[in-house]
Amino acid sequence: MNGEYVGYVAGEDPLHGFLSTIMRDRLGVDEPLLAFRVFRLSGSNEVYAYEEKFSGVKVICKFYGTRFGTDLDKAAGMARQEYEGLETLRRYDLIGSPHHVIRPLGLCRDINGVLAVEYYAGEEFSHAIARATQHRDDAHLYRRLKALAYFLATLHNRTANGATVDFDPECRYFDTIVGRLRKARRIGQLDIGELSGLRDRWRDRQVWLHGDATPANFLFGSGMDVAAIDLERMKRGDRMFDVGRVAGELQHAFMRDCGDRHRADPFIGHFLREYSCHFPDREQTFESISARAPYYMALNLLRIARNGYIGQDYGSRLVTHAKRMLQTA
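Residues numbered from 1 in each chain as written. Predicted model: local features only at pLDDT ≥ 70, side-chain atom pairs only at ≥ 80, totals over all residues. Heavy atoms only, no water.

### Here's the deal with the overall build of the chain
Stage number 1. Regarding its fold elements, the chain presents 11 helices and 10 strands.
Stage number 2. Relative to the compact-globule value of 20 Å for 329 residues, the chain shows a C-alpha radius of gyration of 21 Å, a close match.
Stage number 3. For the chain, the spread of C-alpha atoms along the three principal axes comes to 65 × 45 × 45 Å.
Stage number 4. Buried positions account for 50% of the 329 residues belonging to the chain.
Stage number 5. Of the roughly 15000 Å² of accessible surface on the chain, a fraction of 48% belongs to carbon and sulfur atoms.
Stage number 6. Here the chain carries 46 positive and 44 negative side-chain charges, and the mean point of each set is 4 Å from the other. (Helix = DSSP H or I, 4+ residues; strand = E, 2+ residues; numbered from the N terminus. Rg over C-alpha atoms; globule rule 2.2 N^0.38 Å. Buried < 20%, exposed > 50% of the residue type's maximum accessible area, 1.4 Å probe, protein only. Areas by Shrake-Rupley, 256 points an atom, 1.4 Å probe, with all protein chains shown as cover. Lys, Arg positive; Asp, Glu negative; His and termini not counted. Charge placed at Lys NZ, Arg CZ, Asp CG, Glu CD.)

Encoded structure:
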């Protein structure tokens, strides 16, 4: 169990009853008395793991109320949205090995807008990246990228609906990121004008489907097994939103940990080729996604640069490299 142990759930706590119902009705635990150990995950105040002491069965709970304060209706709405998103993707047979979307187990408005989902034991994608950037274990990351590319290609291909992509929402998201960079004084007015002009050069690059992918949101099991978690931002859109974000996260990780963006290039190329091999014309697909990936990679670097934990100098490097990628059109 990855997480900080923080104690037990009190018997009189409404959460104890909520977890007990899930354990007995959804997970088949028949212990006469249930006790729940609590683990805070990844230093977050919103996500906890609960382990039933006697059976060892685990559940993950995400509390939306922490984010929305006293607005429990909004918190419950977001919890419901993620619950339904998980159910939607699982209906495409993304269950079990090798492609798995975690199972939603329950939600409750009045317990801080909680959503309960199944626990999946696996290695975080972020850990696989760190093994390459910090310990030179390149082979391990190559294997994980092959599995992730297979998962994303399967997800996108099964859920494609044939409609072309409206690029305007992506442009609005781009503008939102640029606005936050300006507010954080990471860029100036000249940068805004330049980025907006570069954005418009990518307007004709449309394809089909879905979107959300960061290193914390994929878990790897044995072999080619991959599980997707945290789907609150699930949406219809361009498949390159996912593919480009993974590539952008790889770029960022090697820039941050190694100081060398070029170290990411072989891994990005490997990921794009592995993704492309799940299409009838893999070479044509590879050429297409390689041409369109820079926009979404740049968008991801700008998204990272807006964060307060990013130093000013490194943030400027991210913005500069994002501009360079946008100029490749």
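Moving on from the model shown.
### Some remarks on helix H4 (residues 125-135)
Stage number 1. Within H4 the residues assigned to the buried category are Phe125, Ala128, Ile129, Ala132 and Thr133. Down the axis of H4, the smallest arc covering the buried residues is 125°, so these residues share one side.
Stage number 2. Where H4 is buried, its residues touch strand E8 (123-124), helix H5 (138-159), strand E9 (218-220), helix H8 (240-258) and helix H9 (265-276).
Stage number 3. The positive-phi residue at the C-terminal boundary of H4 is arginine 136, with phi of around 60°. (Arc of directions from axis to C-beta. Contact = heavy atoms within 4.5 Å.)

### A look at the packing of H4 against H8
Stage number 1. Two elements in contact, H4 and H8, have axes separated by 10 Å at closest approach and are oriented at 40°. Taken together, H4 and H8 sit at an angle that is classed as oblique. Relative to H8, H4 is oriented so that their crossing is right-handed. On the side of H4, the interface is formed by Phe125, Ile129, Ala132, Thr133 and Gln134, while H8 contributes Val246, Leu250, Ala253, Phe254, Asp257 and Cys258.
Stage number 2. Among the residues forming the contact of H4 with H8, the class breakdown is 8 nonpolar, 2 polar and 1 charged. (Axes fitted to C-alpha atoms, helices over the stretch in contact; angles between N-to-C directions. Parallel < 35°, antiparallel > 145°, perpendicular 65-115°, else oblique. Left-handed = near helix turned anticlockwise from the far one by under 90°. Nonpolar A, V, L, I, M, F, W, Y, C, P; charged D, E, K, R; others polar.)

### Here we look at the sheet that holds strand E1 (residues 4-8)
Adjacent strands of a sheet pair through backbone hydrogen bonds, lying either parallel or antiparallel.
Stage number 1. Read from one edge to the other, the open sheet built from 6 strands follows the order E1-E2-E3-E4-E7-E6, with strand pairing classed as antiparallel. Strand pairing shows two members of the sheet lacking a second neighbour, E1 and strand E6 (104-108), which therefore form its edges. The average angle at which neighbouring strand axes cross in this sheet is 25°, direction not considered.
Stage number 2. Relative to strand E7 (residues 114-118), strand E4 (residues 58-63) runs antiparallel, the two being bridged by 5 bridges. Bridge pairing in E7 links phenylalanine 63 to valine 114.
Stage number 3. Here helix H1 (residues 14-26) sits on the sheet in contact with strand E2 (36-40), strand E3 (47-52), E4, E6 and E7, set at roughly 150° to E6.
Stage number 4. Lying on the sheet, helix H3 (residues 72-90) is in contact with E4, E6 and E7; it crosses E6 at an angle near 165°. (Pairing = 2+ DSSP bridges.)

### Comments concerning the packing of H5 against H9
Stage number 1. Where H5 meets H9, the axes come as close as 8 Å, and the angle between the chain directions of the two elements is 35°. Crossing handedness for the pair H5 and H9: right-handed. From H5, Asp138, Leu141, Tyr142, Leu145, Lys146, Leu148, Ala149, Leu152, Ala153 and His156 reach across to H9, where they touch Pro266, Phe267, His270, Phe271, Glu274 and Tyr275.

### Notes on unusual backbone geometry
Stage number 1. Following serine 97, the chain continues to proline 98 via a peptide bond in cis, the omega torsion being 0°.
Stage number 2. Inspection of the secondary structure puts proline 98 in the loop between H3 and strand E5 (99-101).
Stage number 3. Phi is positive for aspartate 93, which is not a glycine, with a value near 65°.
Stage number 4. Its relative accessible area of 54% is what places aspartate 93 among the exposed residues.
Stage number 5. Positive phi, normally seen in glycine, also occurs at arginine 185, with a value near 60°.
Stage number 6. For arginine 185, the location among the structural elements is in the loop between helix H6 (168-183) and helix H7 (189-200).
Stage number 7. For arginine 185, a relative accessible area of 73% translates into the label exposed.

### A few points about the environment of leucine 94
Stage number 1. Mapped onto the fold, leucine 94 is located in the loop between H3 and E5.
Stage number 2. Residue leucine 94 is classed as buried on the basis of its relative accessible area of 0%.
Stage number 3. Here the alpha-carbon distance between leucine 94 and alanine 228, two residues 134 residues apart in the chain, equals 9.5 Å.

### Some details on the sheet that holds E8
Stage number 1. With mixed pairing, 4 strands are arranged side by side in an open sheet as E5-E10-E9-E8. Edge positions in the sheet fall to E5 and E8, since each of these pairs with one other strand and no more.
Stage number 2. Where E9 and strand E10 (residues 226-228) come together, 3 bridges link them in antiparallel fashion. Bridging across to E10, phenylalanine 220 finds its partner in valine 226.

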